[in-house]
Amino acid sequence: VEMWRKDFVLYYIHHFITSSLCIGSYFKCATRIGFFILVEQDFADIFLPIAKCLNYAEWEPAATIVFATFAIAWIPTRHYLYNLFLLEIWNMELVGEAGEYLSWGEWLGFFIFLSALQVLLILWLKDLIFAIYKVLQPTTKKLEDHRSSAEED
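The rules behind each value
Within every chain, residues take consecutive numbers counted from 1 along the sequence as written. This being a predicted model, a pLDDT of at least 70 is required before a residue's local features are given, and a value of 80 or more before pairs of side-chain atoms are given or counted; all residues contribute to the totals for chains, interfaces and linings. Excluded from the side-chain calculations are hydrogens and water; all other atoms, namely the structure's heavy atoms, are used. The secondary structure listing takes helices from DSSP runs of H or I that are at least 4 residues long and strands from runs of E that are at least 2 residues long, numbered from the N terminus. For every residue, the accessible area (1.4 Å probe, protein chains only) is compared with the maximum for its type, and the residue is labelled buried under 20%, exposed over 50%, or partly exposed between those bounds. Any pair of nitrogen or oxygen atoms within 3.5 Å is treated as a polar contact; in protein, a donor-acceptor pairing is required on top of that, and neighbouring residues in sequence qualify only through side-chain atoms on both sides. Here, residues are in contact when the closest pair of their heavy atoms is within 4.5 Å. Only buried residues count toward a nonpolar core. Its members are Ala, Val, Leu, Ile, Met, Phe, Trp, Tyr and Cys residues joined through side-chain atoms within 4.5 Å. Patch definition: residues with relative accessible area over 30% and no salt bridge; like charges joined within 9 Å; nonpolar side chains (Val, Leu, Ile, Met, Phe, Trp, Tyr) joined within 5 Å. The method behind every accessible area is Shrake-Rupley, applied with a 1.4 Å probe, and residues are considered shielded solely by the protein chains displayed. Note on definitions: salt bridges are taken to be side-chain nitrogens of Lys or Arg within 4 Å of carboxyl oxygens of Asp or Glu. Note on ring pairs: Phe, Tyr and Trp rings are taken, using the six-membered ring of Trp, and paired if centres are within 6.5 Å. Classes follow the plane angle, with under 30 degrees stacked, over 60 edge-to-face and the rest tilted.

**A closer look at the environment of Thr31**
And then number 1: Looking at the element boundaries, Thr31 is found in helix α2 (residues 31–45).
And then number 2: A relative accessible area of 39% means that Thr31 is categorised as partly exposed.
And then number 3: Note: C-alpha distance between Thr31 and Leu21 (10 residues apart in sequence) is 9.5 Å.

**Focus on the side chain of Glu40**
And then number 1: Relative to the helices and strands, Glu40 resides in helix α2.
And then number 2: In terms of polar contacts, Glu40 uses its side chain to reach the side chain of Gln41, at 2.5 Å.
And then number 3: Those residues within four positions of Glu40 in sequence are excluded, and the remaining contacts are Thr77, Arg78 and Tyr82.

**Brief notes about unusual backbone geometry**
And then number 1: The omega torsion of the bond from Glu60 to Pro61 falls at 5 degrees, within 30 degrees of zero and hence cis.
And then number 2: Along the chain, Pro61 turns up in the loop between α3 (47–56) and α4 (62–91).

**Here we look at the side chain of Ser25**
And then number 1: Of note, Ser25 is situated in helix α1 (residues 8–27).
And then number 2: At 2.8 Å, the side chain of Ser25 and the backbone oxygen of Cys22 are in polar contact.
And then number 3: When neighbours within four sequence positions are excluded, Ser25 is seen to be in contact with Ala30, Thr31, Ile33, Gly34 and Phe110.

**Some thoughts on the nonpolar core**
And then number 1: Ile37, Trp74, Ile89 and Leu114 are the most contacted members of the largest nonpolar core, which totals 35 residues.
And then number 2: Not counting residues up to four positions away in its chain, the partners in contact with Leu114 are Leu21, Ile37, Tyr82, Phe85, Leu86 and Ile89.

**Details of a nonpolar patch on the surface**
And then number 1: Together, Ile23, Tyr26 and Phe27 give the surface a local cluster of nonpolar side chains, amounting to about 400 Å² of exposed area.
And then number 2: Positionally, Tyr26 belongs in helix α1.
And then number 3: Look at Tyr26 and you get exposed, because its relative accessible area is 58%.

**Considerations on the packing of aromatic side chains**
And then number 1: Within the structure shown, the criterion is met by 10 aromatic pairs.
And then number 2: Ring geometry for Phe36 and Phe85: centres 4.0 Å apart, planes at 15 degrees, overall stacked. Pair noted here: Phe36 is in helix α2 and Phe85 is in helix α4, with a separation of 49 residues, a long-range link. When sorted by exposure, Phe36 lands in the same class as Phe85, which is buried.
And then number 3: Their ring planes at 85 degrees and their centres at 6.1 Å tell us that Phe43 and Phe47 sit as a pair that is edge-to-face.
And then number 4: Under the relative-accessibility criterion, Phe43 is labelled partly exposed at 41%.
And then number 5: Taken together, the ring pairs in this structure connect Phe36, Tyr82 and Phe85 into an aromatic cluster.

Laid out in structure tokens, this is it:
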């Protein structure tokens, strides 16, 4: 079981937002939004648990290589493709795939949730860049999770 980290609340907010977007897109016949969220959010996440397992097993340099793969997948998917999709939502017509119209309020709700998710992703990008920097230091021997537990703060 993982330790309680100081970004635990952000993870819950992230999952609330992504679940709400997927469920809302299903009920409003705007499944492109939900499908994109699932694919985009899960692609890079394939590599992080593998890197953690390799790190716990102390299999270096495999843990660092898989972590690098995670970082390479994270940045373009979460900060390039995601923003392209956000721009598409901004410019979209308010018509769902089944011909139903999204009200202006429903469209705004999707856009606010998608924007809030991007804010969380930017906060985690800072942590990712910090972790990459630490791994690239010549004094670093092992990949470590730099987030402290809630008790340490």
